[in-house]
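Chain by chain, the residues:
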Amino acid sequence: MVEPVFMSTLKERKEAIERAGYNTFLLRSEEVYIDLLTDSGTSAMSDRQWAGMMLGDEAYAGSRNFFNLENAIQKYYGYKYVVPTHQGRGAEHIISKIMIKQGDFIPGNMYFTTTKLHQELAGGKFVDIIIDEAHDPESMHPFKGDVDLNKLENLINEVGQDQIAYVAMATTVNMAGGQPISMASLKALRKLTNQYGIKIIHDMTRVAENAFMIQQKEEGYQHKSVEEITRMICDLTDGATMSAKKDAMVNIGGFLAMNDKELFDEARNMVVIYEGLHTYGGMAGRDMEALAIGIAESVKDEHMKARIGQVHYLGNKLLEAGVPIVKPVGTHGVFLDARAFLSHLSQDKFPAQALAAALYLDSGVRAMERGIVSAGRDPITGEHHYPKLELVRLTIPRRVYTQAHMDVVAESVISVFENRNSIRGLKMVYEPKYLRFFQARFESL
Ligand code: P70
């Protein structure tokens, strides 16, 4: 699908960002030139996927497309049982409700906004057990998604294994900068959790991207395909939540998958309350067909090479220009280190939010804040969380933009960097209670 892009004037962008309360989520899509807000639901579907859309079996129950989706999940990911949901957070909602009891802990390799909120709403508390390097934008650790097993063991010793609902393990780690976990770390995690009888629930939103990074960087996996490594990762876990809008390149969709029959029965019971019947869970038949095809396309080596190659092309341009970004470059985007970029702004002046707005003003490129606004407040004390990472994410949709678009983005980021001292901080003037970053409004200081 080809879509025209529109250029705007500085005056138009100024009006637009003010109207949007300096929040890129509140811009209209027509006001954006190159849209790097997210890689979620924004990828271009292939000819085969579009053809699949024409084969929708929209029966309320037992759609043929559901069985194709179930087959694809069993074949490429290896999970036995599948519960479709409208998108990732639908799956997170159900798994949290089933597996977390009041007062439980959920250790994980860094938080994700929606995942953590569903854990909290179910009465649990998220505990970060990612390696320290993940919180340092400068650390060149090749697998910043790795788990620190000492942190996990300390938690188990402190609260007892019965108070641990499960380990939430993500491939790749979004909030760390799209950083992969190594197979070695995952295997060690599996061994330890087996000793204590703790389950691993896999946030597999970008699992094929993680598999590609293992192939590229981890000793012993060079001759394995992305498809094989993806399967190995899934086989080391007990169940998964998936936002299919990323790796699997559909505009909408997700699922919950698991190997445990009892868990499956409970999830299938709950999906009919919140999502839809257990053979569509909030998706149209045609969407399930496109998803089944997208899963197969996502694990192709050549696809991943092109996709992640483009992300690295942009990252390397910014590195060469001396722009502070999260290193090494991850898989789904390039993350500007707003703390270093705008070192004259303290974190309570929302530097990443201000930087995303400044970039939009410069060129109409839309990025996303991933810092203090995204981190939200502690539900008990009401204080802001002050995350170490204060980032602006330039997220690259799959199969959409050309390298020339990346050049435009790099030029704009470099020009904003050269004029960084003129960027002032922001004041929050409207703050929603949940996931505030989506709808919060700001004024320039
Ligand atoms: C993004 C999107 C979604 C996502 C994810 C991981 C690792 C679960 C989900 C939820 C969309 C988004 C979501 C919250 C804040 C900002 C943006 N990530 N796990 O742009 O899936 O959106 O389908 O409910 O990345 O990174 P879903």
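Summarised in this report is the structure supplied together with it. (Residues numbered from 1 in each chain as written. Predicted model: local features only at pLDDT ≥ 70, side-chain atom pairs only at ≥ 80, totals over all residues. Heavy atoms only, no water.)

Turning next to the packing of helix α6 (residues 149–159) against helix α7 (residues 183–196). Any two packed helices are characterised by the angle at which their axes cross and by the distance between the axes. The contact between α6 and α7 brings their axes to 11 Å, and the two run at 15°. In terms of their interaxial angle, α6 and α7 are classed as roughly parallel. Handedness of the α6/α7 crossing: right-handed. Across from Leu149, Leu152, Glu153, Ile156 and Asn157 in α6, the residues of α7 making contact are Ala188, Leu189, Leu192, Thr193 and Tyr196. Each residue belonging to the contact of α6 with α7 can be placed in one class, and the counts come to 7 nonpolar, 2 polar and 1 charged. (Axes fitted to C-alpha atoms, helices over the stretch in contact; angles between N-to-C directions. Helix = DSSP H or I, 4+ residues; strand = E, 2+ residues; numbered from the N terminus. Parallel < 35°, antiparallel > 145°, perpendicular 65-115°, else oblique. Left-handed = near helix turned anticlockwise from the far one by under 90°. Contact = heavy atoms within 4.5 Å. Nonpolar A, V, L, I, M, F, W, Y, C, P; charged D, E, K, R; others polar.)

Take the environment of His278 next. Mapped onto the elements of the fold, His278 is located in the loop between α10 (261–274) and α11 (285–298). On the basis of relative accessibility, which here comes to 28%, the residue His278 falls in the partly exposed class. Spatially, the C-alpha atom of His278 lies 34 Å from that of Leu152, the residues being 126 residues apart in sequence. Ignoring sequence-local partners within four residues, the contact set of His278 consists of Phe66, Pro84, Arg268, Val271 and Val272. (Buried < 20%, exposed > 50% of the residue type's maximum accessible area, 1.4 Å probe, protein only.)

Let us look at the packing of aromatic side chains. This structure, assessed with the given rule, holds 9 aromatic pairs. An angle of 75° between the planes, with centres 5.2 Å apart, marks the rings of Phe66 and Phe67 as edge-to-face. Grouped by ring-pair contacts, the aromatic residues Phe25, Phe437 and Phe438 constitute a single cluster. A cation sits over an aromatic face here: Lys116 above Tyr111, 5.2 Å from the ring centre. The ring of Phe417 carries the charged tip of Arg420 above its face, separated from the ring centre by 3.9 Å. (Phe/Tyr/Trp six-rings, centres within 6.5 Å; stacked < 30°, edge-to-face > 60°. Lys NZ or Arg CZ within 6 Å of the ring centre and 35° of its normal.)

A few words on the packing of helix α14 (residues 351–363) against helix α16 (residues 403–418). Following both chains from N to C, one finds α14 and α16 inclined at 115°, their axes separated by 10 Å at the closest point. As α14 runs across α16, the sense of the crossing is right-handed. Every residue of α16 that contacts α14 at Leu355, Ala358, Leu359, Asp362 and Ser363 is listed here: Ser412, Val413, Ser415 and Val416. Its residues placed into classes, the contact of α14 with α16 shows 5 nonpolar, 3 polar and 1 charged.

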